[in-house]
Amino acid sequence: MRQRTAHGWEITLIELLLCFLLVIIALVSTHKADDAGIKPKAEYVITAEWALSSDADVDLWGVPPPGGHPVFYKSRENGLLVLDQDCLGFPNTMVTLDDGSQVKMSTCKETMTLRGIVPGHYDFAVNLFAYREGGGISTDPPAGIKVHVEIIQMNPRVRVLYVGDVSLDHQRQTINFASFELGRDASFKRVDPPLAPVTDLFYRGGAE
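Conventions and cut-offs
Residues numbered from 1 in each chain as written. Predicted model: local features only at pLDDT ≥ 70, side-chain atom pairs only at ≥ 80, totals over all residues. Heavy atoms only, no water. Pairing = 2+ DSSP bridges. Helix = DSSP H or I, 4+ residues; strand = E, 2+ residues; numbered from the N terminus. Patch = residues over 30% accessible without salt bridge, like charges linked within 9 Å, V, L, I, M, F, W, Y side chains within 5 Å. Areas by Shrake-Rupley, 256 points an atom, 1.4 Å probe, with all protein chains shown as cover. Salt bridge = Lys/Arg side-chain N within 4 Å of Asp/Glu carboxyl O. Phe/Tyr/Trp six-rings, centres within 6.5 Å; stacked < 30°, edge-to-face > 60°. Buried < 20%, exposed > 50% of the residue type's maximum accessible area, 1.4 Å probe, protein only. Contact = heavy atoms within 4.5 Å. Core = buried A, V, L, I, M, F, W, Y, C linked by side-chain atoms within 4.5 Å. Disulfide = S-S within 2.5 Å. Axes fitted to C-alpha atoms, helices over the stretch in contact; angles between N-to-C directions.

Colleague: Could you clarify how one ought to interpret the sheet that holds strand β4 (residues 81–85) in this entry?
Modeller: Consider a sheet: its strands pair through backbone hydrogen bonds, and that pairing is either parallel or antiparallel. Read across the open sheet, the six strands follow the order β3-β4-β7-β1-β9-β10; overall the sheet is antiparallel. Bordering the open sheet on either side are β3 (77–78) and β10 (159–168), each of which pairs with just one other strand. Here strand β1 (residues 44–51) runs beside strand β7 (residues 107–114); their pairing, made up of eight bridges, is antiparallel. Looking across to β7, one finds that Glu49 is bridged to Lys109.

Colleague: Is there a simple way to think about a nonpolar patch on the surface in this case?
Modeller: On the surface, Val95, Leu97, Val103 and Met105 cluster together to form a nonpolar patch covering roughly 260 Å² of accessible area. Tracing the chain through its elements places Val95 in strand β5 (residues 94–96).

Colleague: For this particular structure, what's the right way to read the packing of aromatic side chains?
Modeller: For any pair of aromatic rings, the description consists of the separation of the ring centres together with the inter-plane angle of the planes. The full count for this structure, using the stated rule, is nine aromatic pairs. One aromatic cluster in this structure is built from Tyr44, Tyr122, Phe124, Phe180 and Phe188.

Colleague: Looking at this structure, I do not really get the pattern of salt bridges. What am I missing?
Modeller: As a working rule, side chains carrying opposite charge can pair if their charged atoms are close by. One pass over the structure, following the stated rule, counts two salt bridges. A salt bridge links Arg132 to Asp55; its shortest N-O distance comes to 2.9 Å. In this pair, Arg132 is assigned in strand β8 (residues 120–132) and Asp55 in strand β2 (residues 55–63), connecting sequence segments 77 residues apart. On the basis of relative accessible area, Asp55 is assigned to the buried category, the value being 11%.

Colleague: How do you make sense of the environment of Ala51 when you look at a structure like this?
Modeller: As for its position among the elements, Ala51 is in strand β1. Taking the C-alpha atoms as reference points, Ala51 and Val147, separated by 96 residues in sequence, lie 8.0 Å from one another. Setting aside anything within four residues of it in sequence, one finds Ala51 in contact with Ser106 and Thr107.

Colleague: Help me understand the nonpolar core, please; the structure alone is not making it clear to me.
Modeller: Soluble, globular proteins show a tendency: their nonpolar side chains are buried together. Of all hydrophobic cores here, the largest spans 32 residues; its most connected members are Val126, Val147 and Phe177. Of all the elements, β8 adds the most residues to this core, at five residues. If near-sequence neighbours (up to four positions away) are discounted, Phe177 is found in contact with Ile46, Leu60, Phe124, Ala125, Val126, Val149, Tyr162, Val166 and Pro193. Within the second largest apolar cluster, eight residues are counted, among which are Val63, Ala125, Val198 and Phe202.

Colleague: I keep staring at the state of the cysteines and nothing clicks. Help me out?
Modeller: Note: disulfide means a covalent bond formed between the sulfur atoms of two cysteine side chains. Under the defined criterion, the tally for this structure stands at one disulfide. The side chain of Cys87 participates in a disulfide bridge whose partner is Cys108; the two sulfur atoms lie 1.5 Å from each other. With the S-S dihedral at roughly -40 degrees, the linkage between Cys87 and Cys108 falls on the left-handed side. Of this pair, Cys87 sits in the loop between β4 and β5 while Cys108 is found in strand β7, placing the two residues 21 residues apart along the sequence. Across the pair, exposure class does not vary: Cys87 and Cys108 are buried alike.

Colleague: Just to check I follow, could you spell out the environment of Tyr122 for this structure?
Modeller: By the element assignment, Tyr122 lies in strand β8. Residues Tyr122 and Leu182, 60 residues apart in the sequence, show an inter-C-alpha distance of 7.8 Å. If we skip the residues at most four places from it in the chain, Tyr122 touches Val63, Pro64, Pro65, Leu114, Ala178, Ser179, Phe180 and Leu182.

Colleague: So what exactly am I meant to see when it comes to the sheet that holds β2 here?
Modeller: What the four strands build is an open sheet, ordered β2-β8-β11-β12; its pairing is antiparallel. Of all strands in the sheet, those bounded by a partner on one side alone are β2 and β12 (188–191). On average, adjacent strands in this sheet sit at an angle of 25 degrees to one another, irrespective of strand direction. Of the pairings in the sheet, the one linking β2 to β8 comprises nine bridges and is antiparallel in character. Paired with Trp61 across the two strands is Ala125, which belongs to β8.

What follows is the structure, given as structure tokens:
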């Protein structure tokens, strides 16, 4: 029996199909690798910003449900609520860019993100951890530290849900600036902040 011999065009077609199959496998593998490295997107962004005209260390605090365990500079993550950026005042004045050059910042900013829809009650506050005069001497600010705070919803579209300004007049002072209830359907409802500062339990325990 005579064996069948593949024509040139048949060989070329087979090679093309094999190449196509290899490309598909590579794309699927890359897609899975990318998915494994993707960080959860931010659903809400909470920020506190103040001028660097004085050496003030302001801290942003957040208490997610079910409450009790705050997110702040010493505990930067609780569930899906994360403190992404902490600012210490003058030590963060200069920022190094990718090209190695440095620029001087005019403001300090702390940023917290909620990286998913977790229903429940949320509280947010700012605390004046330290204010330093020349030479690094800690004291109370003579004119107070004005802090601009915002809560922004990122999805399905960007919406500013809260904007405000508060003034911190002495070290260790805390102002609860906003609270909200988040529903399972991502509904957002502002409620009155608690009267007691969210930092009370932490400082009462003697922690620094």
